[in-house]
Amino acid sequence: MIEPRVALVTCAELPDLDPDERLLVEPLAARGIRAEAAVWNDPTVDWAAYDLVILRSVWDYPAHRKEFVEWAASVPRLANPAVVVAWNTDKTYLRDLTKAALPVVETMWLEPDSTVTLPTSGVHVVKPAIGAGSMDTERYDLAVPEERALAAGHATSLLAAGRTVMVQPYLAAVDTAGESALVYFDGVFSHAVRKGPMLDGTAEEVDGLYRSERIEAREPSAAELAVAARVLTEIPVGPLLYARVDLIPAADGTPTLLELELTEPSLFLAYSEGAAERFADTIVAALHP
């Protein structure tokens with residue numbers, strides 16, 4: 001019997017995968033599957049030679065999104081599918097989820113041809129619609145003239161680069177309750193983690209592909225599980241091999257969607273016993289539908 005081959009897709013900066021993703025290799029091998037790291041824009045890779053191509057640490061895509069989406073469309077047997085990649089790598093997908101009456105964080109959208117207009121007060125986050133790892137993302141107290149000027153300059157710089165800008169209220173509960181990231185395999189809840197606050201208003205210079213995070217295991221509430229289940233029903237294609245739903249409590253405690261990660265989310269396999277094995281079982285099922 002020929003051993004199935006699976007590509008775990010990464011970027012040139014992480015040719016051997018992120019450490020958390022390497023935890024998947026052994027469980028796959030134990031199930032008779034050969035897993036190999038492969039860089040998405042490496043022209044020497046024969047993607048058709050794989051039985052399944054799984055997107056993982058492709059965290060450099062924001063600077064090359066057009067090429068990345070085109071590449072995804074050219075790959076047979078891609079998980080998650082190219083149509084999902086095209087939809088999910090631009091955070092304007094939040095507009096679709098808002099229209100579906102889901103509890104999505106309130107967002108002001110600034111397009112590249114627009115004038116920068118900001119709320120008059122309150123702490124807000126300014127970030128690009130195409131981005132990953134909280135890069136080019138900062139928080140500002142817009143009631144403070146100096147910070148308001150910095151926020152306007154940040155937004156203007158992003159717009160000048162042809163990038164759509166998002167302005168969102170900073171949900172203060174992230175400083176206490178933190179952000180809940182709920183991980184799903186084939187539409188079934190696997191585990192969750194708590195992500196601590198990352199934005200402290202100091203415009204930290206980030207060296208690498210993403211900001212460092214404080215992570216710990218978390219048991220999600222019934223309300224969080226209910227909101228995440230509603231969110232997953234709005235995905236254009238599904239169920240998907242993997243998904244991550246990121247939630248923060250609103251002022252009234254309602255779990256509020258910050259992001260729906262369907263392309264290259266960290267799955268935090270190290271933070272839940274058996275998570276790598278559950279993901280490996282999901283991959284086996286995808287190979288033998």
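Note that this is a predicted model, so its numbers are computed, not measured.

Trainee: Would you mind showing me how to read the pairing of strand β7 (residues 138–141) here?
Mentor: When a strand is regular, its side chains alternate between the sheet's two faces. Here β7 shows one buried face, formed by E138 and Y140, and one open face, formed by R139 and D141. Two strands pair when backbone bridges link them, and strand β6 (residues 123–128) and β7 are joined in this way by 4 bridges, in the antiparallel orientation. Opposite V123, over in β7, you have D141 as the bridge partner.

Trainee: Before we go on, may I ask you to explain the packing of aromatic side chains in this structure?
Mentor: Within a pair of aromatic rings, the relevant descriptors are the distance that separates the centres and the angle that separates the planes. Applying the stated criterion across every chain, the model contains 11 aromatic pairs. Plain terms: the ring middles of W47 and Y50 are 6.3 Å apart, the flat faces sit at 40° to each other, and that makes the pair tilted. Since its relative accessible area comes to 9%, W47 is described here as buried. Taking relative accessible area as the criterion, Y50 reaches 5% and is therefore assigned buried. A centroid spacing of 4.6 Å and a plane angle of 10° characterise the contact between F185 and F279, whose relative ring orientation is stacked. Of the two residues, F185 sits in strand β9 (residues 179–185) while F279 sits in helix α8 (residues 275–287), which places them 94 residues apart along the sequence. The exposure class of F185 is buried, given its relative accessible area of 4%. An aromatic cluster of at least three residues, connected via ring pairs, comprises W40, W47, Y50, Y61, F68 and W71. Note that R5 overlies the ring of Y50, its terminal NZ or CZ placed 4.4 Å from the centroid. Directly above the aromatic system of W109 lies the positively charged group of R95, at a separation of 4.6 Å from the ring centroid.

Trainee: Honestly, the pattern of salt bridges in this entry has me stumped. Any pointers?
Mentor: Any two side chains of opposite charge can pair, on the condition that their charged atoms come close. Applying the stated criterion to the full structure yields 12 salt bridges. Among the salt bridges present, the one from R56 reaches E21, with a minimum N-O distance of 3.7 Å. Note that R56 is positioned in the loop between β3 (52–55) and α3 (65–74) and E21 in helix α1 (residues 19–22), a separation of 35 residues in sequence. By the burial criterion, R56 is buried, and E21 matches it. With a shortest N-O distance of 3.7 Å, K127 and E259 are connected by a salt bridge. Taken as a pair, K127 in strand β6 and E259 in strand β13 (residues 255–261) lie far apart in primary sequence, 132 residues in all. When sorted by exposure, K127 lands in the same class as E259, which is buried.

Trainee: Teacher, can you tell me more about the sheet that holds strand β8 (residues 165–169) here?
Mentor: Sheets are built from strands paired through backbone hydrogen bonds, the pairs being either parallel or antiparallel. Judged by pairing direction, the sheet is antiparallel, and its 4 strands sit side by side in the order β5-β8-β6-β7 without closing on themselves. Two strands lie at the open edges of the sheet, namely β5 (108–110) and β7, each paired on one side alone. Across the sheet, the mean angle separating the axes of adjacent strands is 25° when strand polarity is ignored. The sheet contacts of helix α6 (residues 145–160) involve β5, β6, β7 and β8, and relative to β7 the element is tilted by about 145°.

Trainee: How do you make sense of α6 when you look at a structure like this?
Mentor: Along an α-helix, residues three or four positions apart point the same way, because every turn accommodates 3.6 residues. If you check α6, its first and last C-alpha atoms are 22 Å apart, about what 16 residues at 1.5 Å a residue would give, namely 22 Å. A151, H154, A155, L158 and L159 are the residues of α6 that are buried. Down the axis of α6, the buried set is contained in an arc of 130°. They therefore lie on one face. Facing away from the buried side of α6 by over 90 degrees, the exposed positions are P145, E146, A149, L150 and A160. Contacts made by the buried residues of α6 are with β5, β6, β7 and β8. Looking one or two residues past α6, G162 carries a phi angle of roughly 80°, positive in sign.

Trainee: Where do I start with the sheet that holds β9 in this structure?
Mentor: Taken in spatial order, the 5 strands make up an open sheet running β11-β10-β9-β12-β13, and their pairing is antiparallel. Both edges of this open sheet fall to β11 (215–218) and β13, since each of them pairs with a single strand only. Across the sheet, the axes of successive neighbouring strands diverge by a mean angle of 30°, strand direction being ignored. Inspection of the sheet shows β9 paired to strand β10 (residues 188–195) by 7 bridges, in the antiparallel sense. Pairing of Y184 across the sheet is with F189, part of β10. The sheet contacts of helix α7 (residues 222–232) involve β9, β10, β12 (242–249) and β13, and relative to β9 the element is tilted by about 55°.

So, how was this worked out
Throughout, residues of each chain are indexed from 1 in the direction in which the sequence is written. Given that this is a predicted model, residues contribute local features only at a pLDDT of at least 70 and side-chain atom pairs are listed and counted only at 80 or more, while totals for whole chains, interfaces and linings are drawn from all residues. Side-chain measures were taken over the full set of non-hydrogen atoms in the model, leaving aside hydrogen atoms and water. Relative accessibility decides the category of a residue: with a 1.4 Å probe and only protein chains considered, values under 20% of the type maximum give buried, values over 50% give exposed, and everything between is partly exposed. Secondary structure elements are taken from DSSP: a helix is a run of H or I of four residues or more, a strand is a run of E of two residues or more, and numbering for both begins at the N terminus. Pairs of strands are assigned from DSSP output, requiring at least two bridges between the strands. The criterion for an aromatic pair is that two Phe, Tyr or Trp rings (for Trp, the six-membered ring) have centres within 6.5 Å, with stacked assigned to planes under 30 degrees apart, edge-to-face to planes over 60 apart and tilted to the rest. Working rule: Lys NZ or Arg CZ, within 6 Å of ring centre, within 35 degrees of ring normal, means a charge sits over the ring. Salt bridges are defined as contacts in which a side-chain nitrogen from Lys or Arg sits within 4 Å of a carboxyl oxygen from Asp or Glu. The axes are straight lines fitted to the C-alpha atoms, using for helices just the contacting stretch, and the angles between their N-to-C directions are given from 0 to 180°. The contact criterion used is simple: two residues touch if any of their non-hydrogen atoms lie within 4.5 Å. Helix span, as expected, comes to 1.5 Å for every residue beyond the first. Our arc is simply the arc of the directions from the helix axis toward the C-beta atoms.

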